[in-house]
Amino acid sequence: MTAPTAAEHILQELGITEPGEIDLEAIAWHMGVSVRYRPLDGCEARIIGNGSRAIATINERGSWKRQRFSLAHELGHWKHHRGRILVCRADEIGQRNGHAVATERAADGFAADLLMPRYLFEPVARAHPKLTFQTVCEIARIFRTSRPATAIRLVEGRHFPALVICHGPNGRKWFARSPDVPDRWFPREDLDPESFAIGVLFGGKPDDAMPRKIDADAWFERPEAGRYEVREQTIRSGDNEILTLVLIEDEAMLEEWGRSSGVRSNR
Ligand SMILES: [Zn+2]
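Residues numbered from 1 in each chain as written. Predicted model: local features only at pLDDT ≥ 70, side-chain atom pairs only at ≥ 80, totals over all residues. Heavy atoms only, no water.

### Observations concerning the sheet that holds strand β7 (residues 212–215)
Here comes step 1: Spatial strand order, β6-β5-β9-β8-β7: 5 strands in an open sheet with antiparallel pairing. Of all strands in the sheet, those with a lone pairing partner are β6 (171–177) and β7, marking the two edges. Ignoring which end each strand starts from, the neighbouring axes of this sheet average 30 degrees apart.
Here comes step 2: When strand β8 (residues 229–238) meets strand β9 (residues 241–247), the two strands line up antiparallel, connected through 7 bridges. For T234, the partnering residue across the bridge sits in β9 and is T244. (Pairing = 2+ DSSP bridges. Helix = DSSP H or I, 4+ residues; strand = E, 2+ residues; numbered from the N terminus. Axes fitted to C-alpha atoms, helices over the stretch in contact; angles between N-to-C directions.)

### Quick notes on helix α7 (residues 147–156)
Here comes step 1: When you tally the buried positions in α7, you get 7 out of 10 residues, the bulk of the element.
Here comes step 2: For α7, the set of buried residues is A149, T150, A151, I152, R153, L154 and V155.
Here comes step 3: The residue sitting at the N-terminus of α7 and contributing the capping side-chain oxygen is S146; that oxygen lies 3.1 Å from the backbone nitrogen of A149.
Here comes step 4: Positive backbone phi, at 65 degrees, marks R158, one or two positions downstream of α7. (Buried < 20%, exposed > 50% of the residue type's maximum accessible area, 1.4 Å probe, protein only. Polar contact = N/O pair within 3.5 Å; in protein donor to acceptor, adjacent residues only side chain to side chain.)

### Regarding unusual backbone geometry
Here comes step 1: The phi dihedral of R144 is positive, around 55 degrees, even though this residue is not glycine.
Here comes step 2: Within the secondary structure, R144 is located in the loop between α6 (133–143) and α7.
Here comes step 3: Positive phi, normally seen in glycine, also occurs at R158, with a value near 65 degrees.
Here comes step 4: Its place among the elements puts R158 in the loop between α7 and β5 (162–168).

### Considering the pattern of salt bridges
Here comes step 1: In total, this model carries 13 salt bridges according to the counting rule given.
Here comes step 2: A salt bridge links R177 to D183; its shortest N-O distance comes to 3.6 Å. (Salt bridge = Lys/Arg side-chain N within 4 Å of Asp/Glu carboxyl O.)

### What to know about the nonpolar core
Here comes step 1: Among the nonpolar cores identified, the biggest contains 50 residues, and I27, V33, L75, L114, L131 and V164 are the most heavily contacted of them.
Here comes step 2: Counting 23 residues, the second-largest nonpolar core is a separate cluster that includes L191, I214, W219 and I248. (Core = buried A, V, L, I, M, F, W, Y, C linked by side-chain atoms within 4.5 Å.)

### Observations concerning the environment of I16
Here comes step 1: Relative to the assigned elements, I16 resides in the loop between α1 (6–13) and α2 (24–30).
Here comes step 2: With a relative accessible area of 7%, I16 lands in the buried category.
Here comes step 3: For the pair I16 and S52, spaced 36 residues apart in the sequence, the C-alpha separation amounts to 23 Å.

### Points about the sheet that holds strand β1 (residues 33–38)
Here comes step 1: Strand order across the open sheet formed by 4 strands is β1-β3-β2-β4, with mixed pairing between neighbours. The sheet is open, and its two borders are formed by β1 and β4 (87–88), each paired with just one other strand.
Here comes step 2: Across 2 bridges, strand β2 (residues 45–50) lies against β4 in antiparallel orientation. Of the residues in β4, the one forming a bridge with A45 is C88.
Here comes step 3: Together, β1, β2, β3 (53–59) and β4 form the strand contacts of helix α3 (residues 64–80), whose direction differs from that of β3 by roughly 150 degrees. (Contact = heavy atoms within 4.5 Å.)

Everything listed is a geometric property; what it means functionally is a separate question.
Dropping the structure here:
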């Protein structure tokens, strides 16, 4: 296993050996940060420091999972960006919108490592052989994290060759992809009429109970996508938002193509 990250180091320093022991307020105190909860307008959280002490203010109007992620995110700023003024908006914290600035991405990375440290997350993920939203929900319950944050961790942590994609009525909001899935499998911007997801977002259809097989061209625009099948499972994640797992099981899709030729000759 690779060296512990800054957040994992803090957890190990505190002797944390179970997900239930990740007490963010105690961790904040250990880092010299007092936490208060207030109604905030225009931002989700902020942290103001002086010397070795800081005060983090978290928007008390957010859900408890949101507040937890926001506090972990602010602790990330305290660890990495001390002395800078940063205001963290709701649409920036934890959202993979591609426009997030480096400081926000770093704080999100710290938050994910603090809430789902690899040394605790990996054994739990390994105990779940299949990636479904049922797995995501079970693990989210153990780590007290949101479904999107947990799904991103499962996908990016190489536990499954898959993508997690979030769509709203105006198209794709963000996605995360396993490092085992080659870059050429870039998800479509808009929902394909063939996808099951479109029925969940617009057609009032219920959440998919299990991943279902679908032609890969419903999710990827590459010309060769029509040759393959993937599995898709979609759930509603908000009034106007859905989350989809796209599972890639066909080994041929997972082969890296040579960078020099760009084309494989043995297919
Ligand atoms: Zn921030």
